[in-house]
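# A look at the structure
For reference, the chains in residue letters:
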There are 2 protein chains.
Amino acid sequence: MPGIRVRGYAHRLQTRRKAKRLGVFDRVDASLADCVTGADLVILATPLSTFPAIFEAMASHVPAGCLVTDVGSTKVWPHRWARVLPRGVTYIGSHPMAGSEQQGLEYARDDLFEGAVTIITCRGSSPPAAVARIEAFWRGLGCRTRIMTPAAHDRAVAAISHVPHAAATALVNATRTEHLGCAGKGFLDTSRVASGPANVWCDIFQTNPDPVIRGIDRLVGELEKIKKAVAAGHRGRLEQLLDRGRTRRAKLIQDMLNKKELLK
Amino acid sequence: MPGIRVRGYAHRLQTRRKAKRLGVFDRVDASLADCVTGADLVILATPLSTFPAIFEAMASHVPAGCLVTDVGSTKVWPHRWARVLPRGVTYIGSHPMAGSEQQGLEYARDDLFEGAVTIITCRGSSPPAAVARIEAFWRGLGCRTRIMTPAAHDRAVAAISHVPHAAATALVNATRTEHLGCAGKGFLDTSRVASGPANVWCDIFQTNPDPVIRGIDRLVGELEKIKKAVAAGHRGRLEQLLDRGRTRRAKLIQDMLNKKELLK
């Protein structure tokens, strides 16, 4: 974009080389301090467990007035970790609900954010102008934005992302190898997110334990309802449960189409 | 196909009209008896719970030497129900692992079976020539075939299809409406199969209760392992579970690519 310089920092030489080759940034830095010096906006896009050290390392280099955000999947802990940033530097959380189970610069896509929702997290003390700038940034990339507290965000994403991830992983692990050989498209879709990187997902689960635990309990409760109806041969109850899932998912898809979060 | 006449029977006038309009069959019958008279091959493609009455109704009209199969999702019960068919008429089960959560003639696709696996079920007493004819039929449509006993089939599909369906339904039902509004592509994929028709899935669960119950127990067991690791903050254990899911799914995809069941 004219007038905007995009600088990238990566810990590993190999990643910096790849970034240069793919032309993802205007400049690629080997030093975090160099990279954030003079920045207007810093975006962390690393696993959550690296955040504390990165906030710490940038604290004495990031200029006053700079906005710091991230694309991590949980927000309560990042907001706490960001307290090491100096006065005059504002941290606002961002969670673009886009991406895939793939990782690496080679999976970058120009249209990744088109129509996606980005949840922006802030506290009561966050300067409204900073929130507005972060909102404008994501909207400029084609996102719809939603603003939440860090805790409300973490509860929501536990339900619609972390628990589904646990379900997908558990499903793959519960399936005997001899039966996996018969798997078709249904199994692949239901289990897709289980292919996400284990270290990234460890960070997510570990920084959001309570909502994840409660979500798994709710999921197990619903599985037990289905099991009970099957065991009792109670067709009316079973059809009610199946129909509820079908109806709620149909409504979800209709809502997403209406909000243009999903294309026909 | 030259020399082959495809006749369709549907209970409802509306369905017969639609079939005529879409040109799916060479002829559409309002009478099951008329439809199966003179048939070489009869394929049941209705919900499982309609099979007993259909086998009963066709028994006195289906000619000797005719092969009867179906595309139902469980096989132990269909093999039992098919015992009402007269001597000289052979039932062999078929389960093409293809299709979608959509239903109706308007979702018919020419390439639906291309590269899909069709599981063929037979008993020790099934005539090998009949099994070979059914195999040739599905291969002619582009399927790979696999032969199993009805019981082995029902155990396999419980694991790779019925339990995933229960998981998808439970996931949708476990998610609060206020959180569904944040759902993205991951949630949609993990829950996709929950949009299948409730009556069809009731039939499937009710004709395969024991493998489904055992499968749900295994799934719940794996969910509890993840929950326990999260609750204990035991990163090593959590990463092991997540990595196991990721690795097994990667191997599954590689196996499917090798067998050309999946296209790059």
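Because the structure is a prediction, the values reported are computed rather than measured.

With that out of the way, let us pick up the sheet that holds strand S5 (residues 90-91) of chain B. Residue and element names in this part refer to chain B. If you trace the 3 strands from one edge of the open sheet to the other, you get S3-S4-S5, paired in parallel fashion. In this open sheet, the two edge strands, each paired with only one partner strand, are strand S3 (41-44) and S5. The pairing of S3 with strand S4 (residues 67-70) spans 4 bridges and is parallel. Along S4, the bridge assignment pairs leucine 44 with aspartate 70. Helix H3 (residues 51-58) contacts S3, S4 and S5 of the sheet and is inclined by roughly 155° relative to S3.

For the pair helix H10 (residues 209-232) of chain A and helix H10 (residues 209-232) of chain B, interaxial distance at closest approach is 10 Å and the crossing angle is 170°. Here H10(A) lies roughly antiparallel to H10(B), going by the angle between them. In the crossing of H10(A) with H10(B), the sense of the turn from one axis to the other is left-handed. Within the contact between the two elements, H10(A) uses A:Pro209, A:Ile213, A:Ile216, A:Asp217, A:Leu219, A:Val220, A:Leu223, A:Glu224, A:Ile226, A:Lys227, A:Val230 and A:Ala231 and H10(B) uses B:Pro209, B:Ile213, B:Ile216, B:Asp217, B:Leu219, B:Val220, B:Leu223, B:Glu224, B:Ile226, B:Lys227, B:Val230 and B:Ala231.

All right, on to H10(B) then. Between the first and last C-alpha of H10(B) there are 34 Å, a value that for 24 residues agrees with the 34 Å anticipated at 1.5 Å per step. Note on H10(B): the residue one or two positions beyond its end, B:Gly233, has a positive phi of about 60°.

Here we come to the pairing of strand S7 (residues 117-121) of chain B. Successive side chains on a regular strand alternate, one facing one side of the sheet and the next facing the other. All names here are of chain B. Here S7 lies mainly inside the structure; 5 of its 5 residues are buried. Across the two faces of S7 the burial is the same, with Val117, Ile119 and Thr121 and Thr118 and Ile120 all buried. Alignment of strand S6 (residues 93-96) against S7, held across 4 bridges, turns out to be antiparallel. Note on S7: the bridge partner recorded for proline 96 is threonine 118. Of the pairings in the sheet, the one linking S7 to strand S8 (residues 144-148) comprises 5 bridges and is parallel in character. Each residue of the ladder has a partner; that of threonine 118, found in S8, is threonine 145. Handedness of the S7-helix H5 (residues 128-140)-S8 crossover: right-handed.

A few words now on the sheet that holds strand S7 (residues 117-121) of chain A. All names here are of chain A. Taken together, 3 strands build an open sheet; the order of strands is S6-S7-S8 and the sheet is mixed. What marks the edges here is a single partner per strand, and that holds for strand S6 (93-96) and strand S8 (144-148). Geometrically, the sheet is characterised by an average inter-axis angle of 20° between neighbouring strands, direction not taken into account.

All right, on to the relation of the copies chain A and chain B then. Under the fitted operation, chain A is carried onto chain B by 0.0 Å of movement along the axis and a turn of 180°, and the coordinates agree to an RMSD of 0.0 Å. One copy is carried onto the other by what is essentially a two-fold rotation axis. It is A:Thr190 whose C-alpha, among those of chain A, lies nearest the rotation axis, at 2.0 Å. Of the interface residues in chain A, 100% have counterparts in chain B that sit at the interface too, so the contact is made through matching surfaces.

Before going further, it helps to spend a moment on the pattern of salt bridges. It is possible for side chains bearing opposite charge to pair when their charged atoms get close. In this structure the tally under the stated criterion is 24 salt bridges over all chains. A:Glu239 is paired through a salt bridge with A:Arg235; the nearest N and O atoms lie 3.6 Å apart. Of this pair, A:Glu239 and A:Arg235 both sit in helix H11 (residues 235-258), 4 residues apart, which is roughly one turn of the helix. Judged by relative accessible area, A:Arg235 falls into the partly exposed class, the value being 28%. Of the charged contacts in the structure, one is a salt bridge between B:Arg7 and B:Asp29, with a shortest N-O distance of 3.2 Å. Here B:Arg7, found in strand S1 (residues 7-9), pairs with B:Asp29, found in strand S2 (residues 27-29); they are 22 residues apart in sequence, far enough to count as distant. Accessibility expressed as a relative area gives 5% for B:Asp29, which makes it buried. It is possible to trace a salt-bridge network through shared partners that takes in A:Arg7, A:Arg27 and A:Asp29.

Attention now moves to the environment of A:Ile92. Residues and elements named next belong to chain A. Considering the arrangement of structural elements, one finds isoleucine 92 in the loop between strand S5 (90-91) and S6. Using a relative accessible area of 0% as the deciding quantity, one classes isoleucine 92 as buried. Between the C-alpha atoms of isoleucine 92 and alanine 130, which are 38 residues apart in sequence, the distance is 7.6 Å. The residues touching isoleucine 92, leaving out its near neighbours within four places in the chain, are Leu67, Val68, Thr69, Asp70, Ile120, Thr121, Cys122, Ser126, Ala130, Val131 and Ile134.

Let us now look at the environment of A:Val28. Residues and elements named next belong to chain A. Along the chain, the position of valine 28 falls in strand S2 (residues 27-29). Classification of valine 28 by relative accessible area gives buried; the value is 15%. The sequence separation of valine 28 and threonine 15 amounts to 13 residues, and the corresponding C-alpha distance is 9.8 Å. In this structure, valine 28 is in contact with Gly8, Arg16, Ala19 and Lys20, ignoring residues within four places of it in sequence.

With that settled, the discussion passes to the confidence of the model for chain A. Segments scoring low in pLDDT should not have their predicted coordinates read at a detailed level. Across chain A, the average pLDDT comes to 94, with 98% of residues at or above 70. Across the whole predicted complex the pTM is 0.89, and at the interface the ipTM reaches 0.90.

Take B:His179: it is sitting in helix H7 (residues 177-180). Setting aside chain neighbours within four positions, we find B:His179 in contact with A:Arg155, A:Ala156, A:Ala159 and A:Ile160.

Residue and element names in this part refer to chain A. The end-to-end C-alpha separation of helix H6 (residues 150-174) is 33 Å, in line with the 36 Å expected for 25 residues at 1.5 Å each. At alanine 158, H6 shows its largest kink, close to 50°. When you tally the buried positions in H6, you get 21 out of 25 residues, the bulk of the element.

Many authors give the size of an interface as the accessible area that is lost as the parts come together. With 82 residues of chain A at the interface, the matching set in chain B holds 82 residues. Carbon and sulfur atoms make up 63% of the area that chain A and chain B hide from each other, which totals about 7900 Å². Three residues stand out in chain A for area buried against chain B, namely A:Asn173, A:Arg248 and A:Arg249, and they jointly supply 9% of the buried area on that side. One salt bridge in this structure joins B:Lys227 and A:Asp217, with 2.6 Å as the shortest N-O distance. Taken together, the connections running from chain A to chain B amount to 38 residue pairs in polar contact (both at pLDDT 80 or more). Breaking the side of chain A that touches chain B down by element, the ones donating at least two residues are S8, H6, helix H7 (177-180), helix H8 (185-191), helix H9 (198-206), H10 and H11 of chain A. The biggest single contributor to the side of chain A that touches chain B is H6(A), with 15 residues. Of the residues belonging to the side of chain A that touches chain B, the class tally is 42 nonpolar, 19 polar and 21 charged.

The rules behind each value
Residues numbered from 1 in each chain as written. Chains lettered and ligands numbered in written order. Predicted model: local features only at pLDDT ≥ 70, side-chain atom pairs only at ≥ 80, totals over all residues. Heavy atoms only, no water. Pairing = 2+ DSSP bridges. Helix = DSSP H or I, 4+ residues; strand = E, 2+ residues; numbered from the N terminus. Contact = heavy atoms within 4.5 Å. Axes fitted to C-alpha atoms, helices over the stretch in contact; angles between N-to-C directions. Parallel < 35°, antiparallel > 145°, perpendicular 65-115°, else oblique. Left-handed = near helix turned anticlockwise from the far one by under 90°. Expected span 1.5 Å × (residues − 1). Buried < 20%, exposed > 50% of the residue type's maximum accessible area, 1.4 Å probe, protein only. Right-handed = clockwise from strand over helix to strand, strands pointing away. Least-squares fit on C-alpha atoms with pLDDT ≥ 70 in both. Salt bridge = Lys/Arg side-chain N within 4 Å of Asp/Glu carboxyl O. pLDDT = per-residue confidence, 0-100. Bend = angle between axes of the 7 residues up to and from the residue. Buried area = accessible area lost by both parts, 1.4 Å probe. Polar contact = N/O pair within 3.5 Å; in protein donor to acceptor, adjacent residues only side chain to side chain. Nonpolar A, V, L, I, M, F, W, Y, C, P; charged D, E, K, R; others polar.

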